[in-house]
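# Remarks on the overall topology
Listed below, chain by chain, are the residues.
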Amino acid sequence: NVMQVIDTKKTGAGQFICNCHVESGCFYTDDSVKSAVDEKKRMATARNHTCAHLLQAALRKVLGDHVHQAGQLVNAERLRFDFSHFSAMTPAEIAEVENLVNSYVLAGIDIVTKEMPIEEARKLGAMALFGEKYGDVVRVVKMGDASIEFCGGTHLDNTSKAGLFKIISESSVAAGVRRIEAVTGKGVLEYINRSLAMINESAAALKLANPNE
């Protein structure tokens, strides 16, 4: 019997509720189950999550310290990062942010996660989400001098394992809030291959339409 966890939510009482899809067999109340992590999916998610932290650091460096996270989605396929900013990013700014994130990736920075008292974390300069409630002890994720944030999610142990980082879109979400969508690792290769296929198909169509040119 196999079931796949699709989503996990935390109740107000602090319990974790898993939304699952039954792949095979049947499950009943009081059944005992053995859990296992899908390693490929976890690593892909970790690549995107780690790069979301590096992206925020790069945005603050390129656009200014007013940039703060306003929303985030991380999964195995991509990352989506919403942030506070007053205007659309220019192509040059997008390129600079992308290059900066890739410089952090290629630098092979060790990633250290540590639980510590919240006041100690604040003294270290760790960034927290505005409006988020934290306990007395928090988990801090530090990526060298590039990024240090409060975070309880899954991450790589070294930035180099992200492979590469590619921004695929930058758009408006609401007044004063922008959104970047990006891919990492194999997602970058898939994006490049799709783009090349589109270029080749367009070139072939143009050649058929203009056989004498």
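Throughout, residues of each chain are indexed from 1 in the direction in which the sequence is written. This being a predicted model, a pLDDT of at least 70 is required before a residue's local features are given, and a value of 80 or more before pairs of side-chain atoms are given or counted; all residues contribute to the totals for chains, interfaces and linings. The side-chain figures draw on all heavy atoms in the structure; neither hydrogens nor water molecules are used.

### What to know about the pattern of salt bridges
One speaks of a salt bridge when a side-chain nitrogen belonging to Lys or Arg is within 4 Å of a carboxyl oxygen belonging to Asp or Glu. Applying the stated criterion across every chain yields a total of seven salt bridges. As a salt-bridge pair, Asp65 and Arg60 come within 3.8 Å of each other at their nearest N and O atoms. Glu98 is paired through a salt bridge with Lys166; the nearest N and O atoms lie 3.4 Å apart. With Glu98 in helix α2 (residues 91-106) and Lys166 in strand β8 (residues 165-174), this pair connects stretches of sequence that are 68 residues apart. A residue is classified by how much of its surface remains accessible, and Glu98, at 13% relative accessible area, is buried. Helix numbers and strand numbers start at the N terminus; a helix is a DSSP run of H or I with at least 4 residues, a strand a run of E with at least 2. With a 1.4 Å probe rolled over the protein chains alone, any residue whose accessible area is under 20% of its type maximum counts as buried; one over 50% counts as exposed, and the rest are partly exposed.

### Regarding unusual backbone geometry
Phi at Asp30 is positive, roughly 75 degrees, even though this residue is not glycine. In this structure Asp30 comes out as exposed when scored by relative accessible area, which is 75%.

### Considerations on the sheet that holds strand β5 (residues 111-117)
For two strands to be treated as a pair, DSSP must find at least two bridges joining them. Taken together, three strands build an open sheet; the order of strands is β5-β6-β7 and the sheet is antiparallel. Both outer strands of the open sheet, β5 and β7 (147-150), are each paired with one neighbouring strand and no more. Between one strand axis and the next, the sheet turns by 20 degrees as a mean value, whatever way the strands run. Pairing of strand β6 (residues 137-143) with β7, which is carried by four bridges, proceeds in the antiparallel orientation. Across the sheet, the residue bridging to Lys142 is Ile148, located in β7. Note on method: axes are straight lines fitted to C-alpha atoms, helices fitted across the in-contact stretch only, with angles between N-to-C directions ranging 0 to 180 degrees.

### Here we look at α2
The span one expects for a helix is its residue count, reduced by one, times 1.5 Å. Helix length check: α2, at 16 residues, gives a terminal C-alpha distance of 22 Å against a target of 22 Å (1.5 Å per residue), a fit within 8%. Regarding α2, the residues found buried are Val97, Glu98, Leu100, Val101, Asn102, Tyr104 and Val105.

### Thoughts on the side chain of Asn158
Along the polypeptide, Asn158 turns up in the loop between β7 and β8. A distance of 3.0 Å separates the side chain of Asn158 from the backbone oxygen of Gly108, its partner in a polar contact. Polar contacts, as counted here, are pairs of nitrogen or oxygen atoms within 3.5 Å of one another; within protein the pair requires one atom able to donate a hydrogen and one able to accept it, and residues that are adjacent in sequence qualify only if both atoms are side-chain atoms. Looking at Asn158, its side chain comes within polar contact range of the side chain of Asp110, at 2.8 Å. Leaving out residues up to four positions away in the same chain, Asn158 has contacts with Gly108, Ile109, Asp110 and Ile111. Here, residues are in contact when the closest pair of their heavy atoms is within 4.5 Å.

### So, helix α1 (residues 39-63)
When the terminal C-alpha atoms of α1 are compared, their 35 Å separation across 25 residues agrees well with the 36 Å that a helix rising 1.5 Å per residue should span. Among the residues trailing α1, Gly64 stands out with phi positive, at a value near 130 degrees.

### Quick word on the nonpolar core
One finds Leu55, Leu59, Phe83 and Phe165 to be the most contacted residues of the largest nonpolar core, which totals 29 residues. Listed by contribution, the elements that provide at least two residues to this core are α1, β4 (79-84), α2, β6, β8 and β9 (177-184). Counting residues per element, this core draws most heavily on α1, which supplies seven residues. Those residues in contact with Phe83 that lie beyond four places of it in its chain are Leu59, Leu63, Val67, His68, Ala70, Met89, Gly176, Val177, Arg178, Arg179 and Ile180. Counting residues in hydrophobic clusters, the runner-up holds eight residues, among them Met116, Ala121, Ala126 and Val140. For the purposes of this section, nonpolar cores are sets of buried Ala, Val, Leu, Ile, Met, Phe, Trp, Tyr and Cys residues that join through side-chain atoms within 4.5 Å.

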